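# Understanding the architecture of this molecule
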Amino acid sequence: MKEIKVPFQATVSKPPVSLPKYKEPEHHDTHSISILIGGAAGTGIKTLENILSDAFKRSGYFVFSTKEYMSRVRGGSNTTLLRISDSPIQAPCWNTDLFIALDADALSHVDERLTDETIVLADEKVEHEQIHITSMPMLESAKKAGSLRYANAYVSGVLFGIFGLAPAILLESISALFNEQNLQENEAAILDGIMYGKNLESHHLPTLPEALANLTDPMHLMDGSSAAGFGFLAGGCNMITAYPMSPSTGILNFMASMSKHFNLLVEQSEDEIASLNMVLGGWFGGARAMTSTSGGGFALMGESISLSGMSETPAVIYLAQRPGPATGLPTRSEQGDLNLAIHSGHGYFGRIVLAPGDLQECIDYGYLAFELADRYQMPIIYLSDQYLADSIGMLHSVDFSDYAQRRYVQTTDASYDRYKLNDGAISPRGVPGLGDGIVVATSDEHDEHGQITESYHMREKMVDKRQKKITLTVSEAYTPKVLGQGSIALIGWGSSKGAIGEALKELDDPRLFQLHFAWVHPLNPNHLEILKQTETNIVIENNATGQFADILKGHDINIDHRILQANGFSFFADLLKEQLSKIIKELR
Amino acid sequence: MKHPLDREGIDNAWCAGCGNFGILKLLKEVLTELNMDPKNTVIVSGIGQAAKTPYYIDTHMFCGLHGRALPISTALKASNPALHVIAEGGDGDMYGEGGNHFMHTIRRNPDIVHIVHNNMVYGLTKGQASPTSQKGFQTPVQVNGVTNEPFNPISVALALKAGFASRVNIGNYAHAKRVLMEAFLHKGYALVDVFQACVVFNKVNTPKWFKDNTYELESSHDSSNLSSAMQKALENDPMPLGIFYQAESATFEEHLRGDEKRALFSLSHDLNKMKELFELY
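Cut-off values and rules
Residues numbered from 1 in each chain as written. Chains lettered and ligands numbered in written order. Predicted model: local features only at pLDDT ≥ 70, side-chain atom pairs only at ≥ 80, totals over all residues. Helix = DSSP H or I, 4+ residues; strand = E, 2+ residues; numbered from the N terminus. Rg over C-alpha atoms; globule rule 2.2 N^0.38 Å. Contact = placed C-beta atoms within 7 Å. Buried ≥ 20, exposed ≤ 12 C-beta atoms within 10 Å, placed from the backbone. Nonpolar A, V, L, I, M, F, W, Y, C, P; charged D, E, K, R; others polar. Core = buried A, V, L, I, M, F, W, Y, C linked by C-beta atoms within 7 Å. Axes fitted to C-alpha atoms, helices over the stretch in contact; angles between N-to-C directions. Parallel < 35°, antiparallel > 145°, perpendicular 65-115°, else oblique. Left-handed = near helix turned anticlockwise from the far one by under 90°. Pairing = 2+ DSSP bridges. Domains from an automatic or database assignment.

When helices and strands are tallied, chain A shows 19 helices and 23 strands. Against the compact-globule benchmark of 25 Å for 588 residues, chain A has a radius of gyration of 26 Å, which places it among compact chains. Contacts spanning at least 24 positions in sequence make up 75% of the contacts within chain A whose residues lie at least 6 apart.

What follows is the structure, given as structure tokens:
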């Protein structure tokens, strides 16, 4: 057999990789407006989101959009929030400047988010007793253009008319999104809408921020699933096996689309147990494999996570959280599975739990998941949630060559022992067919060669070996991000990063700073020292009890306040600001 | 007698007289006679006495969890199609705990050999019924005898159009060897259900019982005919031995990888292509 080479071969003696350096969004004065679109599933709300986010981006704005939707294919009442800003934004807000109701039900669905200042636009046939509606001939104009499906083009035209933006840009967006189909009809609807929007008279009309005409660096618009997917690709992912489950399915779809361009094997498994065992079989054969799931599917994987730990077979598990218990709220968001991620699987073994907080981190930690799995030969759990996975935001261009490529697979010789007890914590990992050694993976307690043993001496050595790996990951843990400086810490992990950051900026209090954890387990006590110098520690997390706060307490960190939420939404920056402001007032 | 594929310094956990010994000997002989390089061969197993086979034969091995050998084997073969992959375990492991994977692995058709030790009883957990236990079989759990319909792996496999479905009796060694050889030569998923006796916990289905209750399929049996194969598979008194059905079709890894047969560990992604795709957003 001819010699096979492993590209980027490296050993664990190299120090951990560094992540590419990029600037955190600056916290300067910003101006933004919020547009909420409400309607039933299947009425084109997603299309409108796509048209508008693309068109506002083309017009020189930072765009962020997020959705909340019901677990059904048609009907119900869903909303998408669009925020248009002059600086990067990655959080939703509760209050709405402009609300577009695609049907009557949408009004009652969101009435709590409307203020006296909110402009409510709806078709002229929609009526409501309490809410003042600015009527537009949406359906009539769409029909005039050819069909009801041009209502989306009409509504986007209305917005462009209100804000006085160039119709040509909107047409470009629509033409790109629909592959230049039905351009004439769309154009007719757009122009009708623009005419209506231009002539709309209301003293409440929100004004757009100043457009950034000369963005030096092209920005890219994508959701958290796609960003995570690019990260996994940067980490060399070449196999994904998964069972579809909201809100994790976005990543499976993304990777499947990428399999057209890369050596990337995609298989829909019969269940989540098969998913993770395929991942382990893949890594054992030298693949870089992952699975994606949500809480329920992850729970099914517990025994196999334990197998990853015992057999020291790497694994990457993307866990997009949704509220439980059981089926819970399938299409909504929560940070409720942190403890599950940390503790799932019987027995004692090492694992790493990552929780990116924005699009850039989705990429960075996607890459890192594969690097760490290979380096430490253990399961890596990547926590996302419905909010982060489904929200669309903007980020700078990424130079994928900034992500150092390493492959820790070793060529073995005839004397190879898979579980060699060496001075370090990690035994070199061979793969079948690369060298002369016999490569094994063993679920039973084993000796250095991988044979079953019940010798208590060997058991003690192997328990110690696995402990050493944990100690190593603690010492090599990546530091939390410190944003700002002060005596009051706003502590968060994962997807709350943007909302906390925006609340911090809006509060504009020099005593506040943000401490963001994207590496959430295992924690390095040295990284927590900063929380012993502070006067007040406020933990903000999207679950009912404060799971991360409890972990910090276990590290002797004093927790003064917990801001918790478990209602299916992610944090809204403006509501969070109000909650924080109350707490801070009491501190005076 | 020592065999070149014997693993050194092992402490075999099987009971004296166990049918597993015969299957181990058979496997080593077949691998040797087919000149299969142990450095390119992986045996994947679950948990149970049968699933300990890989510890006693000097090839690569992945001894995973109860019931989960098949998904591991499937992905392993796809990650490096040059490897010979064998999934091996008992009737409880493969048909009970792993029943869902059994069905879906057949549908995927990876090029693997699936050897199931079928002794109609649970050995390692000491004597409970297995999915293939015959009705009336009394155990410490099934105190009034088994009432569930015995699982028929051959007819289930045929219902899913398994490309190779066979049954042998390790007591009929020469015949078993011929069939196992054919299984290895078959391209695609190949099921070999192996009758063996558990001398400790099954006093009913003894070597003599298997001999008296089986017969070799007639040479006139057309193994390319699915419906006559199914007819044979449903016979249970006595039960036929041999290759019920054989038909080659594209494998799982061929569907997934096309002509690309290199091991995934030798490949890497084109970062420029990645950037190009990213820029489209």
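The next point concerns the overall build of chain B. Check the secondary structure of chain B and you find ten helices and eight strands. By the compact-globule yardstick of 19 Å for 281 residues, chain B fits well, its C-alpha radius of gyration being 20 Å. Taken along its principal axes, the extent of the C-alpha atoms in chain B is 70 × 50 × 40 Å. Across the 281 residues in chain B, those meeting the buried criterion constitute 50%. Put simply, of all contacts in chain B between residues at least 6 apart along the chain, 70% involve residues at least 24 apart.

Quick look at unusual backbone geometry now. All names here are of chain A. A cis amide bond, omega 0 degrees, links S246 with the succeeding residue P247. Of note, P247 is situated in the loop between strand 8 (239–242) and helix 8 (249–258). Each neighbour pair has its own omega, and for H521 with P522 the value is -5 degrees, a cis peptide bond. Its place among the elements puts P522 in the loop between strand 21 (519–521) and helix 17 (530–533). Phi at E312 is positive, roughly 55 degrees, even though this residue is not glycine. By the element assignment, E312 lies in the loop between helix 11 (302–311) and strand 11 (315–321). The class of E312 is buried, set by 23 C-beta atoms lying within 10 Å. The phi torsion at D508 lies on the positive side, around 50 degrees, for a residue other than glycine. Examined against the element boundaries, D508 turns out to sit in the loop between helix 16 (497–507) and strand 20 (512–517).

The next thing to look at is the interface of chain A and chain B. Taken residue by residue, the interface counts 57 residues in chain A and 45 residues in chain B. Elements with a contribution of two residues or more to the side of chain A that touches chain B: strand 7 (219–223), helix 7 (224–234), strand 8, helix 9 (272–284), helix 11, strand 16 (429–435) and strand 17 (440–442) of chain A. Per element, the largest residue contribution to the side of chain A that touches chain B is eight residues, and it comes from helix 9 of chain A. Classifying every residue of the side of chain A that touches chain B gives 31 nonpolar, 20 polar and six charged.

All names here are of chain A. Of all hydrophobic cores here, the largest spans 243 residues; its most connected members are I317, L354, A369 and Y382. Among the elements that take part in this core, helix 13 (residues 359–376) stands out by supplying eleven residues, more than any other. With residues up to four places along the chain from it excluded, the contact list for A369 reads F232, G235, V316, L354, I380 and Y382.

Residues and elements named next belong to chain A. Contact geometry for helix 3 (residues 138–145) and helix 4 (residues 151–163): axes closest at 8 Å, N-to-C directions at 120 degrees. The orientation of helix 3 with respect to helix 4, classified from their angle, is oblique. Every pair of crossing elements has a handedness; the one defined by helix 3 and helix 4 is right-handed. Along the contact surface, helix 3 presents M138, L139, S141 and A142, while helix 4 presents A151, Y154 and V155. A per-class count over the contact of helix 3 with helix 4 returns six nonpolar, one polar and no charged.

All names here are of chain A. Where burial is concerned, most of strand 2 (residues 62–68) is hidden: seven out of the seven residues are buried. Burial along strand 2 is two-sided: F62, F64, T66 and E68 and V63, S65 and K67, pointing in opposite directions, are all buried. For strand 2 and strand 3 (residues 75–85), the ladder comprises seven bridges, and the chain directions are antiparallel. From the neighbouring strand, E68 faces strand 3, where its bridge partner is T79. Joining the antiparallel neighbours strand 2 and strand 3 is a turn of six residues.

All right, on to the domain arrangement of chain A then. You'll often see interface size given as the accessible area lost when the parts meet. All names here are of chain A. Domain parsing of chain A yields domain 1 (32–198), domain 2 (221–402), domain 3 (409–475) and domain 4 (481–587). Its C-alpha centre places domain 1 at a distance of 33 Å from the equivalent point of domain 2. When contributions to the side of domain 1 that touches domain 2 are tallied by element, the ones reaching two or more residues are helix 1 (45–58) and strand 2. In terms of residue count, strand 2 provides more of the side of domain 1 that touches domain 2 than any other element does, seven residues in total. Split into classes, the residues belonging to the side of domain 1 that touches domain 2 amount to six nonpolar, five polar and four charged.

Residue and element names in this part refer to chain B. Examined against the element boundaries, S219 turns out to sit in the loop between strand 7 (214–216) and helix 8 (226–233). Since 6 C-beta atoms lie within 10 Å of it, S219 is described here as exposed. Note: C-alpha distance between S219 and G242 (23 residues apart in sequence) is 9.9 Å.

Now for the sheet that holds strand 1 (residues 41–45) of chain B. Judged by pairing direction, the sheet is mixed, and its nine strands sit side by side in the order 17(A)-2(B)-1(B)-3(B)-4(B)-6(B)-5(B)-8(B)-7(B) without closing on themselves. Each edge of the open sheet carries a strand with a single partner, namely strand 17 of chain A together with strand 7 of chain B. Averaged over all pairs of adjacent strands, the angle between their axes in this sheet comes to 20 degrees, without regard to strand direction. Across the sheet, helix 8 of chain B is in contact with strand 5 (164–169) and strand 8 (239–246) of chain B; its angle to strand 8 of chain B comes to roughly 160 degrees.

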